[in-house]
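Inside the fold
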Amino acid sequence: MSALARPRGALLIGLRALALGLAALAGIGAFVLFIQFGQADGLQTLDVVRALLILISTLWLAWGAVQALIGLTSRAEPPPRVDPHARIQGRTVVLVPVYNEDPVSTFSRVAAMDASLAATGDDAEVHFAILSDTRKDDIAQREVQVFAHLVEERDALGRFFYRRRTNNVGKKAGNIEDFITRSGAAYDFALILDADSLMEGETILQMIRRIEAEPRLGLLQTLPKVVRGSSRFARAMQFSASFFSPVFARGLAMLQGRTGPFWGHNAIVRTRAFAESCGLPALTGQPPFGGHVMSHDYVEAALLARNGWLVRLDDDLEGSFEEGPENIVDHAKRDRRWCQGNLQHARIIGAPGLRGWSRFVFAQGIMAYIAPLFWLGFLVASVAAPLFVPPPDYFPEPYWPFPYFPPSEASKAIGLAIGIFGLLLVPKLLIAARAAMNGTARGFGGGNLAFASTLGELLFSSLTAPVLLAFATRSVFQVLFGADGGWPTNNRGDGRLSVADGFTAAWWIVAIGATGLAVTWWLAPGLLFWLLPVGLPMVAAPWLISWSSQPSRSQLMLVPSEIDTPRILRLHDAIFTRWENAFPTPEGDRAGFADAPHRSPAHA
């Protein structure tokens, strides 16, 4: 494994050109193969359309594979070493935005992080600010009660602050902006979290030292690990985030250079840089394309880079955690908001002064959601193609007594299918092989279990991908037709769903899948076998949604946090259990909370 410095200047341009070139080469190769396949029965206009659709779709898949390849073969040099015992000069505030969350769960996370900081013995000045956008008065009253207990237990008068906005304009971005505007000048740095974020005290201090040591650094992003997943779906996402994501993130860091990503949480910002650069005016017009910027994090990173600040992802930082949705339906609800936010960037991509790569990142984010439309167009065009193909002419030469049978180009179609699946499968298999060779797999139960988990994740993602793509495609159409998805609360509790729940959420996916297979059998029976991996999971969507939401009892998808529970999670568990007994949740109020803690099998 070579260790490369974070590329700059001509080297960075060359790396980006190589990555784009490899992706384009894969897309062009798919285009050529399909054109050759289409020529077997006479090239039609629809064949060219399908070839263009497969070019765009393959190029997108190849771009992800190239990021993994870069992450596997290179690694950004760690930032300059800082003295872990150097005295921190600046003052830092940890911002915890909440929105109809269970305060016992959220505020106990704050207590755990403060206790973890205290255990380091460092005298750095770190405050916590809980920024409430809660709309329900009963939850807000409970927030005040639990906050008083938090301050008393942690002896935190003057270090912990709570405020509830009367008007939650701008949602989370507006909540952060309101604090920066009113109180940001009191702090040198702000660590931005989500309600379900947890960070080790040592990690927080390390982030402060890194941003303090680099005056040009405006934002430092960590790679948070997903923890506490208990359902089959959540543990698959958790395994993917811990096992695959670091490699893709390294490739991303190498390509983005000085204009790195911001994912909205588990990141530290320089308050002066943020205040000077990241004001977000409301876009003209009505949602979904107008109004307040929803995917604000990408925009804030681009604005920092525009003003000359470094935005950096340090994937070597450990001790940064978050939680994820427990089922496909909750994931789709969250993804609906992200879809609207990313498509809204079409209004921002042309803003003056942005760096070219920032514009490319916006284009990537948009493409991430419209890519399924190209696949859908390709499938629909392929099923409809037989209607436009003239009958074969086996006697093209007049008076020639022997029929002419055009050569079969089935090998081209098979090669194309293998290539496309290879772009999806090979990067993950290479990551598993490298983990077995360098010892990383030990944290995932050993090489054999890690490889079995990789195969299990590939099978699981193959089954659920058509369902997730159906939800994503619906989200795109909703946005394009002017439907505002708003900002729904996140469900963080027990996510188990029945088959009836799954059918309520996905009956339309069943209808589309069954209709698609029936039309394919009628119009293009030769394609039926190829479409079964897409159509059958759609028909079975309610059962997949229910099955994947049930608790996992398998050792597959084991992650390091389940083998050796991080200290901050153990600390939070102990505090939460104590507080839960002191502040029992009224049974009638449980459904009103967005945040109810859930534990992985390791914590059960």
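So, a few notes on the structure that sits alongside this text. Source: prediction; values computed, not measured. (Residues numbered from 1 in each chain as written. Predicted model: local features only at pLDDT ≥ 70, side-chain atom pairs only at ≥ 80, totals over all residues. Heavy atoms only, no water.)

**Regarding the side chain of Arg270**
Relative to the helices and strands, Arg270 resides in strand β8 (residues 267-270). One buried charge, Arg270, has no salt-bridge partner; the nearest side chain with opposite charge is Glu214, at 6.4 Å. Among the polar contacts listed, one links the side chain of Arg270 to the backbone oxygen of Ile211, at a separation of 2.5 Å. There is a polar contact of 2.8 Å between the side chain of Arg270 and the backbone oxygen of Glu214. Arg270 has contacts with Asp188, Phe189, Ile211, Glu214, Pro215, Leu217, Gly218 and Trp309, leaving out every residue within four places of it along the chain. (Helix = DSSP H or I, 4+ residues; strand = E, 2+ residues; numbered from the N terminus. Buried < 20%, exposed > 50% of the residue type's maximum accessible area, 1.4 Å probe, protein only. Lys, Arg positive; Asp, Glu negative; His and termini not counted. Salt bridge = Lys/Arg side-chain N within 4 Å of Asp/Glu carboxyl O. Polar contact = N/O pair within 3.5 Å; in protein donor to acceptor, adjacent residues only side chain to side chain. Contact = heavy atoms within 4.5 Å.)

**Overview of the environment of Val299**
Examined against the element boundaries, Val299 turns out to sit in helix α10 (residues 296-306). The buried category is assigned to Val299, whose relative accessible area is 5%. Note: C-alpha distance between Val299 and Ser358 (59 residues apart in sequence) is 8.6 Å. Val299 has contacts with Leu280, Val293, His345, Ile348 and Phe362, leaving out every residue within four places of it along the chain.

**With respect to the nonpolar core**
If you look at the biggest cluster of nonpolar residues, it comprises 45 residues, and the most contacted ones within it are Phe128, Ile130, Leu150, Phe160, Leu191, Ile268 and Trp579. Here this core takes seven residues from helix α3 (residues 103-119), the largest share from any one element. If we ignore the near neighbours within four places in the chain, the residues touching Ile130 are Val96, Val98, Phe107, Val110, Phe147, Leu150, Phe161, Tyr162 and Arg163. Formed by 31 residues, the second largest nonpolar core is a distinct cluster that contains Leu72, Phe444, Ala505 and Ala541. (Core = buried A, V, L, I, M, F, W, Y, C linked by side-chain atoms within 4.5 Å.)

**Description of helix α8 (residues 245-256)**
The terminal C-alpha atoms of α8 lie 16 Å apart, and with twelve residues this matches the ideal 16 Å at 1.5 Å per residue to within 8%. Buried residues of α8: Pro246, Val247, Ala249, Arg250, Gly251, Leu252, Ala253, Met254, Leu255 and Gln256, and no others. Of the residues trailing α8, Gly257 is marked for its positive phi of about 60°. (Expected span 1.5 Å × (residues − 1).)

**Quick notes on empty space enclosed by the protein**
Scanning the model with the defined rule gives one cavity of 30 Å³ or more in all. Considering only enclosed or pocket space, the largest cavity measures out at about 40 Å³ in volume. In terms of lining, the largest cavity is formed by Lys172, Ala173, Ile176, Ile192, Phe262, Gly264, Phe274, His296 and Glu300. Listed by contribution, the elements that provide at least two residues to the lining of the largest cavity are α5 (171-183) and α10. Looking at the lining of the largest cavity element by element, the count peaks at three residues for α5. (1 Å grid on protein atoms, 1.4 Å probe; cavity = no way out; pocket = protein on both sides within 12 Å on 5 of 7 lines; lining within 4 Å. Points joined across faces, edges and corners; volume = space filled by probe spheres on them.)

**Quick notes on the sheet that holds strand β7 (residues 225-226)**
Read from one edge to the other, the open sheet built from three strands follows the order β5-β10-β7, with strand pairing classed as mixed. What marks the edges here is a single partner per strand, and that holds for β5 (198-199) and β7. Where β7 and strand β10 (residues 320-322) come together, two bridges link them in parallel fashion. Each residue of the ladder has a partner; that of Val226, found in β10, is Glu322. (Pairing = 2+ DSSP bridges.)

**A closer look at the packing of helix α15 (residues 499-523) against helix α16 (residues 528-539)**
Running from N to C, α15 and α16 point in directions that differ by 160°, and their axes come no closer than 8 Å. One way to sum up the angle between α15 and α16 is to call them roughly antiparallel. Between α15 and α16 lies a crossing whose hand is left-handed. In this structure, α15 contributes Ile509, Val510, Ile512, Gly513, Ala514, Leu517, Thr520 and Trp521 to the contact, and α16 contributes Leu528, Leu531, Leu532, Gly535, Leu536, Met538 and Val539. Within the contact of α15 with α16, the residues separate by chemical class into twelve nonpolar, three polar and no charged. (Axes fitted to C-alpha atoms, helices over the stretch in contact; angles between N-to-C directions. Parallel < 35°, antiparallel > 145°, perpendicular 65-115°, else oblique. Left-handed = near helix turned anticlockwise from the far one by under 90°. Nonpolar A, V, L, I, M, F, W, Y, C, P; charged D, E, K, R; others polar.)

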